[in-house]
Amino acid sequence: MKKWLIAVLSIFVLAACGDEKDASPEKLQKTIDEGTVGFEILGDSIQEATGVPEEEKKNIISAFDEYIKAFNEKDLERYKNIISKNAKGFNYEEDIQAVSAVFNQYDVKRTAEDITIVNYSEEEAQVFSNLKTETKEIKTGAELSGVGRQVTVFMKEDGWKVSSIYYIGSE
(Lines give C-alpha, C1' and ligand atoms only; values in the text may rest on other atoms or scores of the structure.)
Protein backbone atom coordinates (compact mmCIF):
# COMPACT_ATOMS: atom_id res chain seq x y z
CA MET A 1 0.00 0.00 0.00
CA LYS A 2 2.87 2.40 0.73
CA LYS A 3 4.22 1.94 -2.82
CA TRP A 4 1.29 3.77 -4.38
CA LEU A 5 1.58 6.52 -1.78
CA ILE A 6 5.26 6.98 -2.62
CA ALA A 7 4.35 7.19 -6.30
CA VAL A 8 1.61 9.73 -5.61
CA LEU A 9 3.89 11.74 -3.33
CA SER A 10 6.47 11.89 -6.09
CA ILE A 11 3.88 12.95 -8.63
CA PHE A 12 2.45 15.77 -6.56
CA VAL A 13 5.84 17.03 -5.37
CA LEU A 14 6.94 17.13 -8.97
CA ALA A 15 3.59 18.29 -10.34
CA ALA A 16 5.01 21.69 -11.17
CA CYS A 17 7.76 19.97 -13.13
CA GLY A 18 5.20 18.76 -15.68
CA ASP A 19 6.35 15.70 -17.59
CA GLU A 20 7.82 13.11 -15.19
CA LYS A 21 10.88 12.55 -17.38
CA ASP A 22 11.88 16.16 -16.63
CA ALA A 23 12.46 15.12 -13.02
CA SER A 24 14.94 12.34 -13.76
CA PRO A 25 18.40 12.49 -12.15
CA GLU A 26 19.94 12.69 -15.63
CA LYS A 27 17.77 15.68 -16.54
CA LEU A 28 18.53 17.36 -13.21
CA GLN A 29 22.28 16.86 -13.67
CA LYS A 30 22.09 18.15 -17.26
CA THR A 31 20.20 21.20 -16.06
CA ILE A 32 22.78 21.85 -13.36
CA ASP A 33 25.64 21.35 -15.83
CA GLU A 34 24.08 23.78 -18.30
CA GLY A 35 23.75 26.40 -15.60
CA THR A 36 19.95 26.58 -15.59
CA VAL A 37 19.99 26.05 -11.85
CA GLY A 38 22.85 27.89 -10.25
CA PHE A 39 22.93 25.78 -7.13
CA GLU A 40 24.02 22.23 -6.44
CA ILE A 41 21.09 20.67 -4.64
CA LEU A 42 23.17 17.67 -3.53
CA GLY A 43 25.71 19.57 -1.41
CA ASP A 44 25.60 20.07 2.34
CA SER A 45 26.25 23.80 2.47
CA ILE A 46 23.72 26.39 1.45
CA GLN A 47 25.05 29.79 0.53
CA GLU A 48 22.76 32.77 0.25
CA ALA A 49 23.04 34.80 -2.94
CA THR A 50 24.71 38.17 -2.55
CA GLY A 51 23.48 41.42 -4.02
CA VAL A 52 19.76 40.75 -3.63
CA PRO A 53 18.02 44.09 -2.97
CA GLU A 54 16.08 43.95 0.31
CA GLU A 55 12.75 44.76 -1.35
CA GLU A 56 13.27 42.02 -3.95
CA LYS A 57 14.33 39.54 -1.25
CA LYS A 58 11.11 40.29 0.61
CA ASN A 59 9.04 39.88 -2.60
CA ILE A 60 10.72 36.61 -3.61
CA ILE A 61 10.34 35.01 -0.17
CA SER A 62 6.74 36.23 -0.06
CA ALA A 63 6.09 34.58 -3.46
CA PHE A 64 7.64 31.33 -2.19
CA ASP A 65 5.45 31.47 0.94
CA GLU A 66 2.36 32.09 -1.21
CA TYR A 67 3.25 29.09 -3.40
CA ILE A 68 3.47 26.81 -0.31
CA LYS A 69 0.34 28.25 1.34
CA ALA A 70 -1.80 28.07 -1.81
CA PHE A 71 -0.86 24.41 -2.21
CA ASN A 72 -1.42 23.56 1.47
CA GLU A 73 -4.80 25.30 1.50
CA LYS A 74 -5.88 23.61 -1.77
CA ASP A 75 -6.63 27.04 -3.19
CA LEU A 76 -6.46 26.44 -6.93
CA GLU A 77 -7.08 30.09 -7.85
CA ARG A 78 -4.22 31.29 -5.63
CA TYR A 79 -2.04 28.50 -6.96
CA LYS A 80 -2.81 29.54 -10.57
CA ASN A 81 -1.76 33.09 -9.71
CA ILE A 82 1.67 32.10 -8.36
CA ILE A 83 2.59 29.75 -11.23
CA SER A 84 4.16 31.21 -14.39
CA LYS A 85 2.12 30.99 -17.57
CA ASN A 86 5.46 31.04 -19.46
CA ALA A 87 7.27 28.50 -17.29
CA LYS A 88 10.50 26.88 -18.37
CA GLY A 89 10.00 23.67 -16.39
CA PHE A 90 6.37 22.69 -17.02
CA ASN A 91 3.26 23.33 -19.07
CA TYR A 92 0.91 25.66 -17.20
CA GLU A 93 -2.36 23.94 -18.18
CA GLU A 94 -1.01 20.43 -17.50
CA ASP A 95 0.31 21.54 -14.11
CA ILE A 96 -3.03 23.04 -13.11
CA GLN A 97 -4.82 19.80 -14.09
CA ALA A 98 -2.33 17.66 -12.12
CA VAL A 99 -2.53 19.86 -9.04
CA SER A 100 -6.32 19.94 -9.22
CA ALA A 101 -6.36 16.13 -9.23
CA VAL A 102 -4.03 16.06 -6.22
CA PHE A 103 -6.26 18.53 -4.36
CA ASN A 104 -9.31 16.31 -5.00
CA GLN A 105 -7.66 13.07 -3.87
CA TYR A 106 -5.25 14.06 -1.08
CA ASP A 107 -4.75 16.25 1.92
CA VAL A 108 -1.21 17.52 1.68
CA LYS A 109 0.82 19.68 4.00
CA ARG A 110 4.20 20.99 2.93
CA THR A 111 6.51 22.57 5.49
CA ALA A 112 9.52 24.46 4.19
CA GLU A 113 12.60 25.23 6.29
CA ASP A 114 15.97 26.85 5.61
CA ILE A 115 14.38 29.01 2.91
CA THR A 116 17.27 30.71 1.14
CA ILE A 117 17.68 32.65 -2.09
CA VAL A 118 20.70 30.90 -3.61
CA ASN A 119 20.83 32.60 -7.00
CA TYR A 120 19.46 35.95 -8.15
CA SER A 121 19.26 38.18 -11.19
CA GLU A 122 16.73 40.89 -11.97
CA GLU A 123 14.63 38.40 -13.98
CA GLU A 124 15.16 35.08 -12.11
CA ALA A 125 15.56 33.90 -8.54
CA GLN A 126 16.28 30.42 -7.19
CA VAL A 127 14.99 29.57 -3.72
CA PHE A 128 16.34 26.57 -1.81
CA SER A 129 14.34 24.88 0.93
CA ASN A 130 14.31 21.71 2.95
CA LEU A 131 10.79 20.44 2.42
CA LYS A 132 8.74 18.08 4.56
CA THR A 133 5.60 16.72 2.93
CA GLU A 134 2.78 14.94 4.72
CA THR A 135 0.19 13.27 2.49
CA LYS A 136 -3.11 11.63 3.37
CA GLU A 137 -5.34 9.95 0.80
CA ILE A 138 -8.86 11.25 1.39
CA LYS A 139 -10.60 8.04 0.25
CA THR A 140 -8.64 5.53 2.37
CA GLY A 141 -7.01 7.65 5.07
CA ALA A 142 -3.60 6.15 4.17
CA GLU A 143 -0.75 8.46 5.15
CA LEU A 144 2.81 9.04 4.03
CA SER A 145 5.43 11.63 4.81
CA GLY A 146 8.70 12.45 3.13
CA VAL A 147 11.50 14.98 3.22
CA GLY A 148 13.71 16.40 0.53
CA ARG A 149 15.55 19.38 -0.83
CA GLN A 150 13.97 21.67 -3.37
CA VAL A 151 15.07 24.55 -5.53
CA THR A 152 12.12 26.58 -6.73
CA VAL A 153 12.95 28.81 -9.68
CA PHE A 154 11.00 32.05 -9.95
CA MET A 155 10.88 34.39 -12.91
CA LYS A 156 9.69 37.95 -13.04
CA GLU A 157 6.27 37.98 -14.67
CA ASP A 158 3.90 40.50 -13.17
CA GLY A 159 5.61 39.77 -9.86
CA TRP A 160 7.62 36.65 -9.03
CA LYS A 161 6.09 33.42 -10.41
CA VAL A 162 7.18 29.77 -10.13
CA SER A 163 8.86 28.75 -13.39
CA SER A 164 10.37 25.37 -12.50
CA ILE A 165 11.07 23.10 -9.55
CA TYR A 166 13.95 20.74 -8.84
CA TYR A 167 13.40 18.27 -6.01
CA ILE A 168 15.48 15.47 -4.56
CA GLY A 169 13.90 13.31 -1.87
CA SER A 170 15.86 12.04 1.12
CA GLU A 171 15.74 8.44 2.26
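All figures in this text were calculated on a predicted structure; none of them were measured in a lab.

Draft legend 1. Main features of the sheet that holds strand β2 (residues 124-137). Judged by pairing direction, the sheet is antiparallel, and its four strands sit side by side in the order β1-β2-β3-β4 without closing on themselves. On the outer flanks of this sheet lie β1 (106-120) and β4 (160-169), each paired with one strand and no other. Averaged over all pairs of adjacent strands, the angle between their axes in this sheet comes to 25 degrees, without regard to strand direction. Both strand β3 (residues 143-156) and β4 contribute to a ladder of nine bridges, which runs antiparallel. The residue of β4 that forms the bridge with F154 is V162. Packing against the sheet, helix α3 (residues 54-72) makes contact with β1, β2, β3 and β4, and its axis sits at approximately 165 degrees to β1. The strands touched by helix α5 (residues 92-105) are β1 and β2; relative to β1, the strand with the most contacts, the crossing angle is about 135 degrees.

Draft legend 2. Spotlight on the nonpolar core. Residues Y67, Y79, I83 and Y120 are the most contacted members of the largest nonpolar core, which totals 31 residues. For this core, the secondary-structure elements that each account for two or more residues are α3, α4 (76-82), α5, β1, β2 and β4. With seven residues, α3 is the single largest residue contributor to this core. Ranked by size, the runner-up nonpolar core spans five residues in total, among them V118, F128, V151 and Y166.

Draft legend 3. Seen up close, the environment of D114. Inspection of the secondary structure puts D114 in strand β1. Taking C-alpha positions, D114 is 8.8 Å from I46, a pair spaced 68 residues apart along the chain. Side chain to side chain, D114 and N130 meet in a polar contact 2.5 Å long.

Draft legend 4. Quick peek at the side chain of S84. Tracing the backbone shows S84 in the loop between α4 and α5. Of note is the side chain of S84, whose polar atom sits 2.9 Å from the backbone nitrogen of N86. A polar contact of 3.2 Å, which involves the side chain of S84, links it to the backbone nitrogen of A87. If near-sequence neighbours (up to four positions away) are discounted, S84 is found in contact with F90, Y92, M155, E157, K161, V162 and S163.

Draft legend 5. Region of interest: the pattern of salt bridges. Taken as a whole, this structure holds eight salt bridges when the rule is applied. A salt bridge links E56 to K156; the shortest N-O distance between them is 2.6 Å. Separated by 100 residues along the polypeptide, E56 in helix α3 and K156 in strand β3 bring together distant segments of the chain. Residue classification places E56 among the buried positions, given a relative accessible area of 13%. The partner of K88 in a salt bridge is E124, with the nearest N and O atoms 3.4 Å apart. Of the two residues, K88 is situated in the loop between α4 and α5 and E124 in strand β2; the sequence distance between them amounts to 36 residues. Since its relative accessible area comes to 61%, K88 is described here as exposed.

What counts and how
- Residue indices follow the written sequence of each chain, beginning from 1 at its first position.
- Only residues with pLDDT of 70 or above have their local features reported here, since the model is predicted, and side-chain atom pairs are shown and tallied only from 80 upward, although totals for entire chains, interfaces and linings are computed over all residues.
- Water and hydrogen atoms play no part in the side-chain values, which are based on all heavy atoms of the structure.
- Pairing between strands is defined by DSSP: at least two bridges between the two strands are required.
- Numbering of helices and strands starts at the N terminus; helices are DSSP runs of H or I of at least 4 residues and strands are runs of E of at least 2.
- Helix axes use the C-alpha atoms of the stretch in contact, all axes being lines fitted to C-alpha atoms, and the angles between their N-to-C directions lie in the range 0 to 180 degrees.
- Note on definitions: a residue-residue contact is assigned when non-hydrogen atoms from the two residues lie within 4.5 Å.
- Working definition of a nonpolar core: buried Ala, Val, Leu, Ile, Met, Phe, Trp, Tyr and Cys residues. They are joined through side-chain atoms within 4.5 Å.
- Buried, partly exposed and exposed residues are distinguished by accessible area as a fraction of the type maximum, computed with a 1.4 Å probe on protein chains only: under 20%, between the cut-offs, and over 50%, respectively.
- Any pair of nitrogen or oxygen atoms within 3.5 Å is treated as a polar contact; in protein, a donor-acceptor pairing is required on top of that, and neighbouring residues in sequence qualify only through side-chain atoms on both sides.
- Think of a salt bridge as a Lys or Arg side-chain nitrogen and an Asp or Glu carboxyl oxygen that are within 4 Å of each other.

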